[in-house]
Structure formats: C-alpha cells, structure tokens
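Coordinate inspection notes
So you can see what is in the structure, the chains are spelled out below.
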Amino acid sequence: MPLVQFLMMEKEIFLSQIYKEKYMKEINVAVTGGAGQIAYSLLPRLISGETFGRDTKVNLRLIEIPQVVDKLQGTIMELIDCGFEQTGELVSTSDIKEGVKDADWILLVGSIPRGIVIDGKKIEERSDLLKINGGIFTDQGAAIGELAKSDAKILVVGNPANTNALIGMNSANNSTQQWFAMTALDANRAKAQLAEKAAAEISSVKNMIIWGNHSPTMYPDPYNATINGASAAEVINDNQWIEDSYLPLVQQRGKAVIDARGASSAASAANAAIDTVKAVINPTKEGDCFSAAVVSDGSYGIPKGLIFGFPLRTNSNGKIEIIQGIELNEFAQTKIKVTTEELESEREAVADLIG
Ligand SMILES: NC(=O)c1ccc[n+]([C@@H]2O[C@H](COP(=O)([O-])OP(=O)(O)OC[C@H]3O[C@@H](n4cnc5c(N)ncnc54)[C@H](O)[C@@H]3O)[C@@H](O)[C@H]2O)c1
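Residues numbered from 1 in each chain as written. Predicted model: local features only at pLDDT ≥ 70, side-chain atom pairs only at ≥ 80, totals over all residues.

So, on to the overall build of the protein. When helices and strands are tallied, the protein shows 13 helices and 16 strands. Its C-alpha atoms give the protein a radius of gyration of 21 Å, within 12% of the compact-globule value 20 Å for 355 residues. The dimensions of the protein, computed from C-alpha atoms along their principal axes, are 75 × 50 × 40 Å. Looking at the protein residue by residue over its 355 residues, the buried ones come to 43%. Within the protein, contacts between residues at least 6 apart in sequence are counted, and of these 72% link residues at least 24 apart. (Helix = DSSP H or I, 4+ residues; strand = E, 2+ residues; numbered from the N terminus. Rg over C-alpha atoms; globule rule 2.2 N^0.38 Å. Buried ≥ 20, exposed ≤ 12 C-beta atoms within 10 Å, placed from the backbone. Contact = placed C-beta atoms within 7 Å.)

This is the structure:
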C-alpha cells in the first residue's frame, strides 16, 4: 500500500478513536440468556447504533448460567467481528451482580423453558414454571435494585414475562427504576394481521394496544387500533373475523411458530425487544402508542400492582405514561376481565416470592 494512503487510513482510525473517546455517550446494557437464540439476533442490534443511537457507545454485559457461560466467548468474537463503531466493552459473566452493576438497561431474556426436565420431573404446568423462574427473578431483581443505576430500565422477555417482572420488581424494591414486560411482539403480530386483512401497508396501522398478559389471554385491541387514522375494526368491518379468527390467531401465534419451526420465535422476539427499547427512549408520535406491560396504577380498573399490558406513551421529557381515556366496548371489557383474572391467579401462585 502506498505510504500516503496508509498514513491517511491511520489518521482516520486515530480521529475516529478520539471522537469515540471525547464525544460519544456511553451506556451499560446487561442481557441475561446471552447464549440463547433470542440473544443471538438481539445482541448485534444493541451495539450497532440502531437502538441507542449512532452517538452512543454500548458496553455490553452478557449473563449466562455457569454451565453455558463459556460459550459467550464465541458470541463476543462475533460481536467484535461485526466491527460496529458503537461497540464498547464486551463482558461475559455468570455473576448477576457483576452483570447488572451500574447498568442503564437490563434485558432479562434468560429463563427456564416449559418442557425442561428438572430433578426427573418434566415442567409442564404454568404454576411450576412460575415458581422455578420466580426463584431466578427474585435474585436478579435484588441485584438490579441494589446495583443497577437508579434510573435503570428493565425489560423482561423471559416467560412468563409479566409475572417474572412482577417478582423481579418487588424483589428490586427500587421505585426509581422502571420495569417492563414485553408485549411488543404481540403488538407487531397484531398489526401485521390487520394490515394483511385490510390490504393496507403495515406502516398505516397505529395505536395497537395489547391489554393484559403476554399469554393466550392477551387482548389485542382492533377497535382502538387505527388503519390510516380510522378504527381498524371499522375498516375491516367483519366482527366475526375479528372474534373467531383474528383474536385466536394473534393469541396463538407463538405456538404456531413453535409448531412450524420447532423452536420458539427468536428473530421476531429480538426485533420486538429492540422496538420496545426504542419506544421507551424516544418520544411517541401523536396519535400512536406503544405496547408493553408495566405496573398498574389502577388505570382502567386494573388492580394496582399487577404487571399489565397497557397503551403507553413516552412524553417529550422521557417519562412513560399510561394513556388514559381509551374507550373499551363490552367485548373488550369481557376480554380484559379474563386476562386480568389470569394475572391475578399468577400473582397468587407466586405470593410467597413477592412478600
Ligand atoms: N415476551 C415475548 O414476547 C417472548 C417471545 C419469545 C420468547 N420469549 C421467551 O424468551 C425466553 C428466551 O427465549 P430463547 O428462545 O432465547 O430461549 P433459549 O433457551 O434459546 O435461551 C435461553 C437462555 O437463557 C439462559 N438462562 C436460563 N436461566 C438463566 C439465568 N438464571 N441467568 C442467565 N441466563 C439464563 C439459558 O442458559 C439459555 O442460554 C423464553 O422464556 C421464551 O419463552 C418471550
């Protein structure tokens, strides 16, 4: 290579290093389940500048169980090989305290899946799953409450996401941190089905609310969703399709993906996690909302303290608000009652874990 070209390249690398050190913001992001399939799609997008902005360097801590933690070295090699300018420090650990210390964002993706055999017993019941994962989320919550930043945001992806978040949040006992359980994948699925039925562009579907639990009882609200500004249900004008086809399709989409692919949704789940982070850190556009489950303050008559899927907005000061005044017809009220009751019974099943 000619000397002049070589010197120019060196100068560029040197300047970009100085720029990185002097002008880039820096955040710490922790991800549990770092060696899992969702993480594989998620991690590059967290450090590519897409999620937190091109001016933000992301220090990533990948957290795994001790039996798996060594595998993270391979993931880290790949992340380095992506060559993103926004990549900060990359750390792997099986110590949750080390992982979440000073974290700005924590994505709790790791959890024990249904069907796993523990001590010779196949874990099939939701109540057993709740208890096993509950144990994980008490420890993780306590570490987050004590060691993560006071304004940390925590997104629970691992299922049962709402109740895991409830356990984690109670265990963290830190009122300035903010917990979310992910329902954005349900919202994206719900939007896609409405767009297809109405033969409309997906970008024309707004205000998609997932009420309640991230489970088959969720209520994806087609009456308050809009297509080009009009009620999606009115545009589609087929209540039978909404009740008999649309709702079950969205509610059971996760199972349909498992049946077809032999593994649970990963790329779309990672995408939804990225969507949620972006929705939380950027102001919500007028006439739109984003979906995630947060702790109920009693809005819409939902019992206080449940982690419930609501219509949310990030205001211009970065504060997350539950959007008020959404009209709920009788059909919606019946559906919301079912998902509320399910979340109450989950809360009861883990009562000993939430004090
Ligand atoms: N909320 C949603 O919309 C949504 C969508 C899809 C999947 N999920 C859930 O996300 C979770 C992860 O899915 P996946 O496909 O990546 O699963 P996966 O089995 O591929 O990966 C999970 C990883 O978590 C790790 N893990 C388990 N316990 C841990 C702990 N205590 N600390 C750190 N890591 C731990 C495992 O070792 C594993 O590597 C599952 O619970 C799944 O049901 C949620």
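Here the narrative resumes.
For the rest of this paragraph, the subject is the sheet that holds strand E12 (residues 226–227). In spatial order, the strands read E9-E12-E13; together these 3 strands make up an open sheet with antiparallel pairing. Two strands lie at the open edges of the sheet, namely strand E9 (205–206) and strand E13 (230–231), each paired on one side alone. Bridge analysis of E9 against E12 gives 2 bridges, and the strand direction is antiparallel. By the bridge assignment, Lys206 is partnered in E12 with Thr226. (Pairing = 2+ DSSP bridges.)

Now for helix H2 (residues 37–46). Residues of H2 that are buried include every one of Ile38, Ala39, Leu42, Leu43 and Leu46, and no others. Seen end-on, H2 carries its buried residues on one side only, within an arc spanning 115 degrees. (Arc of directions from axis to C-beta.)

With that settled, the discussion passes to the pairing of strand E15 (residues 307–314). A large share of E15 lies buried, amounting to 6 of its 8 residues. Inspection of the sheet shows strand E14 (residues 290–295) paired to E15 by 6 bridges, in the antiparallel sense. Looking at the pairing, Val295 lines up with Ile307 of E15. As defined by bridge partners, E15 adjoins strand E16 (residues 320–322) across 3 bridges and the pair is classed as antiparallel. Considered in E16, the bridge of Arg313 is made with Glu321. Hairpin connection between E15 and E16: a loop of 5 residues separates the two successive antiparallel strands, and Gly318 in this loop has a positive phi of roughly 85 degrees.

If you check the domain split of the protein, you get domain 1 (24–181) and domain 2 (184–354). Opposite the 29 residues of domain 1 that make contact, domain 2 presents 27 residues. Elements supplying a minimum of two residues to the side of domain 1 that touches domain 2: H2, strand E4 (105–108), helix H5 (126–147), strand E7 (153–156), helix H6 (161–172) and strand E8 (178–181). Ranked by residues supplied to the side of domain 1 that touches domain 2, first place goes to H6 with 8 residues. Its residues assigned to classes, the side of domain 1 that touches domain 2 shows 16 nonpolar, 10 polar and 3 charged. (Domains from an automatic or database assignment. Nonpolar A, V, L, I, M, F, W, Y, C, P; charged D, E, K, R; others polar.)

With that settled, the discussion passes to the site of the ligand. The ligand sits among 28 residues. The nearest are Gly33, Gly36, Ile38, Gly110 and Ala269. Broken down by element, the shell around the ligand gets its largest block of residues, 3 residues, from H2. Across the shell around the ligand, the residue classes tally to 16 nonpolar, 11 polar and 1 charged. Per-domain counts for the shell around the ligand show at least three residues from each of domain 1 (24–181) and domain 2 (184–354). (Near = placed C-beta within 6 Å.)

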